[in-house]
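Tertiary structure, described
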Amino acid sequence: MSTAPTPAEFADLAEAIAREAAALAARRRAEGVEVADRKSSVVDVVTAADREVEDLVRARIAEARPDDAVLGEEGGGTVGTSGVTWVVDPIDGTVNYLYGRPDYAVSIGVVRGAPDPATWEPVAGVVVAPATGSVFRAVAGGTATRDGLPITASAPESLAETLLSTGFAYTAERRRGQVAVLAELIGSVRDIRRGGSAALDCCAVGAGEVDAYYERGINPWDMAAGSIVAAAAGAAVRSWQVGDTRSFLFASPTVVDELEALLHRAEDVGPGAAPA
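Residues numbered from 1 in each chain as written. Predicted model: local features only at pLDDT ≥ 70, side-chain atom pairs only at ≥ 80, totals over all residues. Heavy atoms only, no water.

**Considerations on helix H5 (residues 198-206)**
- The buried fraction of H5 is high, at nine of nine residues.
- Those residues of H5 that fall on the buried side of the exposure criterion are Ala198, Ala199, Leu200, Asp201, Cys202, Cys203, Ala204, Val205 and Gly206.
- Gly208 sits one or two residues past H5 and shows a positive phi near 75 degrees. (Buried < 20%, exposed > 50% of the residue type's maximum accessible area, 1.4 Å probe, protein only. Helix = DSSP H or I, 4+ residues; strand = E, 2+ residues; numbered from the N terminus.)

Structure below.
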């Protein structure tokens with residue numbers, strides 16, 4: 001019986017696939033991008049490249065690991081028998097990609113168990129940013145790297161010195177709820193940034209480029225790989241249920257408790273509990 005791959009071997013395979021997928025995404029971006037479909041709203045777009053890149057990733061996983069399950073943003077889930085699931089976002093930050101902005105990424109996370117962030121066992125994660133060439137990589141419990149060099153989460157001394165990144169949903173109602181939460185936060189933190197790619201926001205926490213990233217309602221494929229990178233870099237990862245969605249917080253350990261408490265209060269105050 002063959003030996004199961006180590007987490008590092010899973011990371012090697014994820015990186016090879018993500019690099020190939022990133023090269024394809026970059027080529028399609030250079031050729032010109034058009035909207036192929038819309039999902040939750042008129043602004044929640046899918047490009048033909050999203051689908052083509054995910055098809056490539058799925059094909060490479062099937063060739064190397066035919067018994068593994070895959071959960072992808074565009075293609076949904078396929079069942080496996082190995083207990084391993086690949087959680088794939090072919091182009092995280094599609095609106096940035098559509099507009100030619102650099103903040104988009106290929107995100108591939110490997111987990112054991114059902115692809116549910118509340119219960120899965122992280123194994124390895126790779127996030128590749130085609131526009132910059134940056135490659136973030138980590139195995140659970142190991143070292144996180146960017147382009148082969150170790151990265152470490154920041155350590156702000158106070159919430160007032162914390163640079164927070166966030167993101168917004170694609171439906172008007174949810175955005176209003178998210179803005180209401182931010183209104184409660186803005187006076188307590190250094191400033192707020194909005195990059196447009198959850199995967200890269202998680203990696204930015206790991207690299208110390210922001211001190212925390214919070215968002216409510218992101219999907220497993222948005223944060224699977226990035227959360228593994230952030231945690232391996234020393235960031236604290238928290239999540240909690242709010243209505244029918246989950247809130248996620250990736251933050252420096254020095255401020256995570258205070259920031260989480262503030263977010264709980266803000267979510268309670270905001271149109272509260274309106275879905276966001």
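**Structural notes on the layout of surface pockets**
- Its boundaries defined by the atoms lining it, the second largest pocket holds a volume of some 330 Å³.
- In this structure, the second largest pocket is lined by 19 residues; those nearest its centre are Asp103, Leu200, Asp201, Ala204 and Glu209.
- Breaking the lining of the second largest pocket down by element, the ones donating at least two residues are strand E8 (134-139), strand E11 (163-166), strand E12 (191-194) and H5.
- Sorting elements by how many residues they give to the lining of the second largest pocket places H5 first, with four residues.
- Along the lines of polarity and charge, the residues of the lining of the second largest pocket split into eight nonpolar, five polar and six charged. (1 Å grid on protein atoms, 1.4 Å probe; cavity = no way out; pocket = protein on both sides within 12 Å on 5 of 7 lines; lining within 4 Å. Points joined across faces, edges and corners; volume = space filled by probe spheres on them. Nonpolar A, V, L, I, M, F, W, Y, C, P; charged D, E, K, R; others polar.)

**Observations regarding empty space enclosed by the protein**
- The final tally for this structure, using the stated rule, is two cavities of 30 Å³ or more.
- Lining the second largest cavity we find Thr166, Gly167, Gln178, Leu182, Tyr214, Glu215 and Arg216.
- Secondary structure elements with two or more residues in the lining of the second largest cavity: helix H4 (172-185) and strand E13 (212-216).
- Top contributing element to the lining of the second largest cavity by residue count: E13, with three residues.
- Looking at the lining of the second largest cavity residue by residue, the class counts come to two nonpolar, three polar and two charged.

**A few points about the pattern of salt bridges**
- Applying the stated criterion across every chain yields a total of 13 salt bridges.
- In this structure, Arg193 engages Asp191 in a salt bridge whose closest nitrogen and oxygen atoms are separated by 3.0 Å.
- A salt bridge links Arg238 to Glu260, with the nearest nitrogen and oxygen atoms 2.5 Å apart. Within this pair, whereas Arg238 is found in strand E14 (residues 236-242), its partner Glu260 is found in helix H7 (residues 256-269), the two being separated by 22 residues in sequence.
- The exposure class assigned to Arg238 is partly exposed, which follows from its relative accessible area of 25%.
- We classify Glu260 as buried; its relative accessible area is 15%. (Salt bridge = Lys/Arg side-chain N within 4 Å of Asp/Glu carboxyl O.)

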